[in-house]
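Given next are the chains, with one letter for each unit.
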Amino acid sequence: MRTSQKDFNDAVSQVKLLKEDPGNEVKLKLYALYKQATEGPCNVPKPGMLDFINKTKWDAWNALGSLSKEAARQKYVDLVSSLSTSSKSPSPETPAADRKPPEGNSLVVTSEDGITTIRLNRPTKKNALTTQMYHDIIAALQAASKDESTITVLTGSGDYYCSGNDLTNFTHLSAGGLEEMARSGEVLLRDFVDCLIDFPKPLVAVVNGPAVGISVTILGLFDVVYATDRATFHTPFSHLGQSPEGCSSYTFPKIMGSSKAAEMLLFGKKLTAQEACARGLVTEVFPDGTFQKEVWARLKAYSKLPPNALRISKQIIRKQEKEKLHAVNAEESSVLRERWLSDECMNAIASFLSRKAKL
Ligand SMILES: CCCCCC/C=C/C(=O)SCCNC(=O)CCNC(=O)[C@H](O)C(C)(C)COP(=O)(O)OP(=O)(O)OC[C@H]1O[C@@H](n2cnc3c(N)ncnc32)[C@H](O)[C@@H]1OP(=O)(O)O
């Protein structure tokens, strides 16, 4: 049976009334079919590589090739009809556990029992680090270095510790374009890591779940790393066309030996918490069920130690390495700036973003 123009128009109206978001993949299909049905095969210029969302839409439309307008209309109507029948009203009885937790401040800093805790708080984004969060962490570390606390902790809210750099940071281009974004990224990265290198008090990572990218590499700059047995440690830099940062090109080979470090930093081997502990990146692993209780009890006990003795001991331990670490950080940041401008990196980020493009 042929699809009439009216069927098509009705389907277009129906899409606007869908009770549930059909997801990006379906929206991309609908977009492509709509364009094909109304304008025919794609013959507009391909958007630039950095115009991630429009490029994704263009790719989807272009992929329909020479499909006729009539066939595209039919496919559009069929797709909408399948969505309408599967779409249900959200139940008012949705259990609280199934609802997304509310997101407020992306960083929450608290001070209690001699411990200043810096908590990454974007659980719905797996605590990915936005540009603002790097600035906020720097400010929080600077404040913690001068406050009354003895120990400083970095941890995450929700099921993840941190999914690394927020890849959408790359889409916030200023008038200076990509070059400017890479230049300011280099400076921010260097400042962020310098701050960790120079941090004067015991710095503890409470790794409450999987850790990715920069949240893993900087662990080599922490004094102690406690992890739940649910945590994993993943540095997929090559997959992203990027290169190691956080001084990991120096600290990882030193901590675990060069071939184990290469397996992580070059090939992106993901480690379990136990493996990371065996390699010396993690201090101790705790069962997930008792993780929070055991770790915080331990930290509270440590926070009663004399703060000046802790500072001075840390200073001696770190002193031999500081100059080297700053030099490594500067070089890694500069290399990354080049990487961010590479096709390999841009394509990898475009591919991640295209999977989540909002249409
Ligand atoms: C000053 C600049 C310094 C930069 C230094 C260089 C740093 C480099 C790095 O850190 S490289 C590592 C970058 N991180 C990643 O590549 C991880 C990307 N994310 C994923 O692979 C996955 O999301 C996951 C494995 C972390 C979790 O998968 P899953 O459990 O299936 O959850 P979702 O994918 O559905 O994620 C939920 C929600 O969060 C968004 N999200 C997760 N991680 C990131 C991220 N790193 N950047 C941006 N957004 C992220 C994801 O898109 C989902 O969002 P949505 O619900 O679709 O809106």
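Only a predicted model underlies this, so the values are computations on that prediction, with no experimental measurement involved. (Residues numbered from 1 in each chain as written. Predicted model: local features only at pLDDT ≥ 70, side-chain atom pairs only at ≥ 80, totals over all residues. Heavy atoms only, no water.)

**A look at the overall build of the chain**
Next up, step 1: Of the regular secondary structure elements, the chain holds 13 helices and nine strands.
Next up, step 2: Dimensions of the chain, computed from C-alpha atoms along their principal axes, come out at roughly 80 × 50 × 35 Å.
Next up, step 3: Taken across its 359 residues, the chain has 45% of its residues classed as buried.
Next up, step 4: Taking contacts inside the chain between residues at least 6 apart in sequence as the whole, the part at least 24 apart equals 74%.
Next up, step 5: Surface exposure of the chain reaches about 18,200 Å², of which carbon and sulfur atoms provide 54%.
Next up, step 6: In the chain, which carries 45 positive and 41 negative side-chain charges, the distance between the mean positions of the two groups comes to 3 Å. (Helix = DSSP H or I, 4+ residues; strand = E, 2+ residues; numbered from the N terminus. Buried < 20%, exposed > 50% of the residue type's maximum accessible area, 1.4 Å probe, protein only. Contact = heavy atoms within 4.5 Å. Areas by Shrake-Rupley, 256 points an atom, 1.4 Å probe, with all protein chains shown as cover. Lys, Arg positive; Asp, Glu negative; His and termini not counted. Charge placed at Lys NZ, Arg CZ, Asp CG, Glu CD.)

**Let's talk about the pairing of strand β4 (residues 203-207)**
Next up, step 1: Within β4, five of the five residues are buried, which leaves the element mostly enclosed by the surrounding structure.
Next up, step 2: Side chains Leu-203, Ala-205 and Val-207 of β4 all project onto a buried face; the interleaved residues Val-204 and Val-206 project onto the opposite face, where all are buried too.
Next up, step 3: Relative to β4, strand β3 (residues 151-156) runs parallel, the two being bridged by four bridges. Within β4, the position partnered with Val-153 by the bridge is Val-204.
Next up, step 4: Viewed along the sheet, the connection from β3 through helix α6 (residues 177-198) into β4 turns out right-handed.
Next up, step 5: The pairing of β4 with strand β6 (residues 224-228) spans four bridges and is classified as parallel. (Pairing = 2+ DSSP bridges. Right-handed = clockwise from strand over helix to strand, strands pointing away.)

**Some thoughts on the site of the ligand**
Next up, step 1: Taken together, 25 residues sit near the ligand, with Lys-125, Ser-163, Asn-165, Leu-167 and Ile-214 positioned nearest.
Next up, step 2: A distance of 2.8 Å is found between an oxygen atom of the ligand and a backbone nitrogen or oxygen belonging to Asn-165.
Next up, step 3: A distance of 2.8 Å separates a nitrogen atom of the ligand from a polar atom in the backbone of Leu-167.
Next up, step 4: One can see that the ligand is located within the largest pocket.
Next up, step 5: Considering every element that reaches the shell around the ligand, the biggest residue donor is α6, with three residues.
Next up, step 6: Along the lines of polarity and charge, the residues of the shell around the ligand split into 12 nonpolar, seven polar and six charged. (Near = heavy atom within 4 Å. Polar contact = N/O pair within 3.5 Å; in protein donor to acceptor, adjacent residues only side chain to side chain. 1 Å grid on protein atoms, 1.4 Å probe; cavity = no way out; pocket = protein on both sides within 12 Å on 5 of 7 lines; lining within 4 Å. Sits in = over half its atoms within 2 Å of the grid points. Nonpolar A, V, L, I, M, F, W, Y, C, P; charged D, E, K, R; others polar.)

**Quick notes on the nonpolar core**
Next up, step 1: By size, the foremost hydrophobic cluster in this structure holds 67 residues, and its most contacted members are Tyr-161, Phe-192, Val-207, Leu-219, Phe-222, Phe-233 and Leu-281.
Next up, step 2: In terms of residue count, the dominant contributor to this core is α6 (10 residues).
Next up, step 3: Listed in part, the 14 residues of the second largest apolar core include Phe-8, Val-26, Ala-37 and Ala-72. (Core = buried A, V, L, I, M, F, W, Y, C linked by side-chain atoms within 4.5 Å.)

**Quick word on the sheet that holds strand β5 (residues 211-212)**
Next up, step 1: Taken together, the three strands give an open sheet; going across it, the order is β5-β7-β8, and neighbouring strands pair in mixed fashion. Edge positions in the open sheet fall to β5 and β8 (271-272), since each of these has one partner strand only.
Next up, step 2: Of the pairings in the sheet, the one linking β5 to strand β7 (residues 232-234) comprises two bridges and is parallel in character. Note that in β7 the partner of Val-212 across the bridge is His-234.

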